[in-house]
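# Examination of the molecular architecture
The chain contents come next:
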Amino acid sequence: MKDFAGKVAFITGGASGAGLGQAKVFSEAGCKVVIADVRQDHLDEAITYFKSKNADVHAIKLDVTDRKAYTAAADEVEKIYGSPPQLLFNTAGVNAFGPAEASTFEDYDWIISVDLGGVINGMVTFIPRMIKAGKGGHVATVSSMSGFMASSNCTPYSAAKAAVVSLMECYYNALKPYGIGVSCLCPVGIKSNIGESSYTRPKELENTGYNTNEKTVEFMRKHYSYGIDPIDLAHIFKEGIENDVLFVLPYPDPEKVLRDNFKRIINYTTPEGMKRQEKLDLKRRRAMAKQPNPMMEGAAEAGWGKARQDLTWITKEHR
Ligand SMILES: NC(=O)c1ccc[n+]([C@@H]2O[C@H](COP(=O)([O-])OP(=O)(O)OC[C@H]3O[C@@H](n4cnc5c(N)ncnc54)[C@H](O)[C@@H]3O)[C@@H](O)[C@H]2O)c1
């Protein structure tokens, strides 16, 4: 898709971080934008901003895990704009950190229901409507580099994001005949509010195995402040959408990033490769230990990435 003027863009998680960056950039490109988000305070702040710009932006309070509410949101878009969106951004996401072996069912249920389930709900709700409308369009989904690189201190997140990468490749091929493109953004660090994810965690899923409290949230606010600016990221995503690129990696040399990354998977396929990878991991850990990393300052003091204290099966160093 190259011409955005007059197109309807529906953006989940559109009231903060990467989603808000997309709302700003695609609104400036001429889209009528719908921002759908579970946080009313984020929606209110975003709408105040867009009103001051006289932009055609409509807010819907939506929890992407709620399928009935998703259908109602899709109906609302059609009622207001007379058409389903031509641009669907599956951007809403949450994260939590702790050792894999500390993860509870609720950690999985919450993170997977938003980060994978939310994308599935977006696709199942909107794709039939987009096909029926016959106007073509583009699906733009935010995964993460975690979708390619498993990280054992955010296991449910890595699993959900890897599934999203696979899901988008499936839809990329399936939707071509309908003139609907698919792009999947895989960033690393975004300047955003994702460190506050625990604020939107449902009560019935609050049982976590991770050490999550105001100190860890405070650490993450600082940690993510070093990330890429959401407006810059949205421009990179826009270029990927314009060029119909499936995996949009916001790095100067995306091919090299993925080639290096897939070396790891290849190494994991033979006993010799396993040894090679062990050496590489050790070398990487030593190099990282030598380099001061401002993004990780205060992590240990905050107890970030640790397990809950009472999980006695976890080694002391990890709780
Ligand atoms: N921040 C990073 O470093 C980073 C890196 C890679 C990928 N990502 C991905 O980028 C996307 C956007 O995250 P962000 O970093 O901009 O965070 P953010 O918290 O600033 O924005 C996410 C928005 O999604 C909303 N949201 C959360 N749960 C929701 C739900 N159930 N229904 C509807 N809305 C919900 C939040 O209220 C928030 O406004 C996510 O998919 C995230 O996984 C983030």
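Worth saying up front: this structure is predicted, and the values here are computed from it rather than measured.

Another point: the overall build of the chain. Broken down by element type, the chain carries 11 helices and 7 strands. Taken over the C-alpha trace, the chain has a radius of gyration of 20 Å; the compact-globule value for 319 residues is 20 Å, and the two agree within 12%. The principal-axis extents of the C-alpha atoms in the chain amount to approximately 60 × 40 × 35 Å. By residue count, 48% of the 319 residues in the chain fall in the buried class. Across the chain, contacts joining residues at least 24 apart in sequence account for 74% of those joining residues at least 6 apart. Working note: accessible area of the chain is about 16000 Å², and carbon and sulfur atoms make up 56% of it. Taking the average place of the 39 positive charges on the side chains of the chain and the average place of its 38 negative ones, the gap between the two points comes to 4 Å.

Before going further, it helps to examine the packing of helix 9 (residues 254-267) against helix 10 (residues 271-290). Contact pair helix 9 / helix 10: the axes reach a minimum separation of 8 Å and the direction vectors enclose 135°. One finds that helix 9 runs oblique with respect to helix 10. Note on element contacts: helix 10 touches helix 9 through G273, M274, R276, Q277 and L280, opposite K263, R264 and N267.

Next up on the list: the site of the ligand. S16, A18, D37, Y157 and S192 are the nearest of the 29 residues found near the ligand. A18 places a polar main-chain atom, nitrogen or oxygen, 2.7 Å from an oxygen atom of the ligand. At a separation of 3.0 Å, an oxygen atom of the ligand approaches a polar side-chain atom of H42. Relative to its free-state accessible area of 820 Å², the ligand is covered by the protein chains to the extent of 97%. Where the shell around the ligand is concerned, the elements lending two or more residues are helix 1 (17-28) and helix 6 (155-175). In terms of residue class, the shell around the ligand is made up of 14 nonpolar, 11 polar and 4 charged.

Enumeration over the complete set of coordinates arrives at 11 aromatic pairs. Note on F97 and W304: the rings are 4.9 Å apart at their centroids and 45° apart in plane angle, and the pair reads as tilted. Of this pair, F97 sits in the loop between strand 4 (87-90) and helix 4 (105-115) while W304 sits in the segment after helix 11 (299-302), placing them 207 residues apart in sequence. Residue F97 shares its accessibility class with W304, and that shared class is buried. Their ring planes at 70° and their centres at 6.2 Å tell us that F148 and F262 sit as a pair that is edge-to-face. One end of the pair, F148, is in the loop between strand 5 (137-142) and helix 6; the other, F262, is in helix 9, and 114 residues separate them in sequence. Grouping aromatic residues by their ring pairs yields a cluster made of F4, F26, F89 and F237. Residue placement shows K24 over the ring face of Y49; its charged tip is 4.5 Å from the ring centre.

The end-to-end C-alpha separation of helix 9 is 20 Å, in line with the 20 Å expected for 14 residues at 1.5 Å each. Where the residues of helix 9 are buried, they touch helix 10.

The next thing to look at is the environment of L167. Assignment of secondary structure puts L167 in helix 6. Expressed as a C-alpha distance, the spacing of L167 and Y49, which sit 118 residues apart in the sequence, is 34 Å. Residues within four places of L167 in sequence aside, it is in contact with L116, V119 and I120.

What follows concerns helix 10. Between its terminal C-alpha atoms helix 10 stretches 29 Å, which fits the 28 Å expected from 20 residues at 1.5 Å a residue. Every buried residue of helix 10 is accounted for by G273, Q277 and D281. In an axial view of helix 10, the angular spread of the buried residues amounts to 75°, which keeps them on one side of the axis. Residues of helix 10 that are exposed and angled more than 90 degrees away from the buried face: P271, E272, K275, E278, K279, K283, R286, A289 and K290. Buried residues belonging to helix 10 abut helix 9.

Below, the discussion takes up the nonpolar core. If you look at the biggest cluster of nonpolar residues, it comprises 56 residues, and the most contacted ones within it are F10, L62, M123, V139 and M168. One finds F26, A140, L185 and A234 within the second-largest nonpolar core, a separate group that totals 29 residues.

Ordered in space as 3-2-1-4-5-6-7, the 7 strands form an open sheet in which the pairing is parallel. Each end of this open sheet is capped by a strand with a single partner; those strands are strand 3 (57-61) and strand 7 (247-248). Bridge count for strand 5 against strand 6 (residues 180-185) is 6 bridges, and the pairing is parallel. Paired with V139 across the bridge in strand 6 is V182. Sitting on the sheet, helix 8 (residues 230-242) touches strand 4, strand 5, strand 6 and strand 7, and the angle it makes with strand 6 is about 145°.

Thresholds, definitions, all that
- Residues numbered from 1 in each chain as written.
- Predicted model: local features only at pLDDT ≥ 70, side-chain atom pairs only at ≥ 80, totals over all residues.
- Heavy atoms only, no water.
- Helix = DSSP H or I, 4+ residues; strand = E, 2+ residues; numbered from the N terminus.
- Rg over C-alpha atoms; globule rule 2.2 N^0.38 Å.
- Buried < 20%, exposed > 50% of the residue type's maximum accessible area, 1.4 Å probe, protein only.
- Contact = heavy atoms within 4.5 Å.
- Areas by Shrake-Rupley, 256 points an atom, 1.4 Å probe, with all protein chains shown as cover.
- Lys, Arg positive; Asp, Glu negative; His and termini not counted.
- Charge placed at Lys NZ, Arg CZ, Asp CG, Glu CD.
- Axes fitted to C-alpha atoms, helices over the stretch in contact; angles between N-to-C directions.
- Parallel < 35°, antiparallel > 145°, perpendicular 65-115°, else oblique.
- Near = heavy atom within 4 Å.
- Polar contact = N/O pair within 3.5 Å; in protein donor to acceptor, adjacent residues only side chain to side chain.
- Nonpolar A, V, L, I, M, F, W, Y, C, P; charged D, E, K, R; others polar.
- Phe/Tyr/Trp six-rings, centres within 6.5 Å; stacked < 30°, edge-to-face > 60°.
- Lys NZ or Arg CZ within 6 Å of the ring centre and 35° of its normal.
- Expected span 1.5 Å × (residues − 1).
- Arc of directions from axis to C-beta.
- Core = buried A, V, L, I, M, F, W, Y, C linked by side-chain atoms within 4.5 Å.
- Pairing = 2+ DSSP bridges.

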